[in-house]
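Fold and geometry: a report
Here's the letter readout for the chains.
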Amino acid sequence: MKMGFIGLGAMGRAMATNLVNADFDVVVWNRSADKCKALVEAGAKQADTPADCAAADVLITMLADDAALAAVVDEHGLIEALGEHTVHVNMATVSIDTARDMARRHADAGKAYVAAPVLGRPDMAKAAKLQVLAAGPNAAIETARPALETMGAKVWPAGEEAERANVIKLATNYMLVAAVETMGEAASMTAKYGVEPGDFLEIITQSVFASPAYQGYAPAMKARDYDNPEGFKLALGAKDMDLALAAAAAENVPMPMGATARQRLSEAMAAGAGDQDLSALAEVSRRGAHLDD
């Protein structure tokens, strides 16, 4: 299969590398062209424009947000450049409005569109252990399945409406932010009673909360080391929380815990932690508890 891949950030670079290593014919493009170098050395071809990636069986876009996706699609006529039978798989985390708009525009142009956001961090992307949420026409999903299964551990069909995959991703990240926030709060509370945060975190992540959502972030909290290039940046958590709260508001779904978690994210970013790992939320709780005074 011939694959086009646009967007070589921390996640996209690892995902595209797995496709190259699986002997797909991969053509890549990134706004910062230097990020293509390692992929080309591994066997990919570098496109001159995003439209050059569209002449493929499957085109994958893995861009930062709604604005980045719109810029590539609109500035380069990406939908019009798609081949007659090309399936466009958007694997980025985008808003519900953007998911609907992309699906509508592709349908109007007679082109196939699949929303396939992923659950997992860059280290899971490297290991091809992502969980892939796929929504769109069944035939289009099946066309893309060999690539999706190469990049992930499991593909979860979410229906034919593209926004279903995106709302599942947003709901998941909403829960993740809430989990990390409450873990940080609990670690501060126990620390006030003389319990070492590392001891508390080891107990909960090896017992009641023995799950990736907690185990993935506890080590950084224990070490108070949040500079993790393989982590989930706190600012991206804030972006996803905004998208989740907007999706909830559109359908009048109360999510009161989300408002609190979003406030804590704002406090962390005001303190300069936007580019740090999401686990830096723990520092907001520590400051509130005056643990370091």
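First things first, this report covers the structure right here in the doc. (Residues numbered from 1 in each chain as written. Predicted model: local features only at pLDDT ≥ 70, side-chain atom pairs only at ≥ 80, totals over all residues. Heavy atoms only, no water.)

The next subject is the pattern of salt bridges. Applying the stated criterion across every chain, the model contains 18 salt bridges. We note a salt bridge from Glu149 to Arg145, for which the minimum N-O separation is 3.3 Å. Remark: Arg145 and Glu149 occur in helix α8 (residues 138–151); sequence separation between them is four residues, near one turn of the helix. Residue Glu149 is classed as partly exposed on the basis of its relative accessible area of 45%. Here Lys239 ties to Asp240 by a salt bridge, and the two come within 2.9 Å at their closest N and O atoms. (Salt bridge = Lys/Arg side-chain N within 4 Å of Asp/Glu carboxyl O. Helix = DSSP H or I, 4+ residues; strand = E, 2+ residues; numbered from the N terminus. Buried < 20%, exposed > 50% of the residue type's maximum accessible area, 1.4 Å probe, protein only.)

Glancing now at the sheet that holds strand β4 (residues 58–61). Taken in spatial order, the six strands line up as β3-β2-β1-β4-β5-β6 in an open sheet, and their pairing is parallel. The strands lining the two open edges of the sheet, one partner per strand, are β3 (45–46) and β6 (112–115). One ladder, built from four bridges, connects strand β1 (residues 2–6) with β4; its direction is parallel. Each bridged residue has a counterpart across the sheet, and for Phe5 the counterpart in β4 is Ile60. (Pairing = 2+ DSSP bridges.)

Another aspect to go through is the sheet that holds strand β9 (residues 152–157). Within the open sheet, the three strands sit side by side as β7-β8-β9. Their pairing is mixed. Only two strands of the sheet have a single partner each, and these edge strands are β7 (118–119) and β9. Of the strands in this sheet, β8 (130–134) and β9 touch α8, which is tilted by about 150° from β9. The strands touched by helix α9 (residues 162–191) are β7 and β8; relative to β8, the strand with the most contacts, the crossing angle is about 140°. (Contact = heavy atoms within 4.5 Å. Axes fitted to C-alpha atoms, helices over the stretch in contact; angles between N-to-C directions.)

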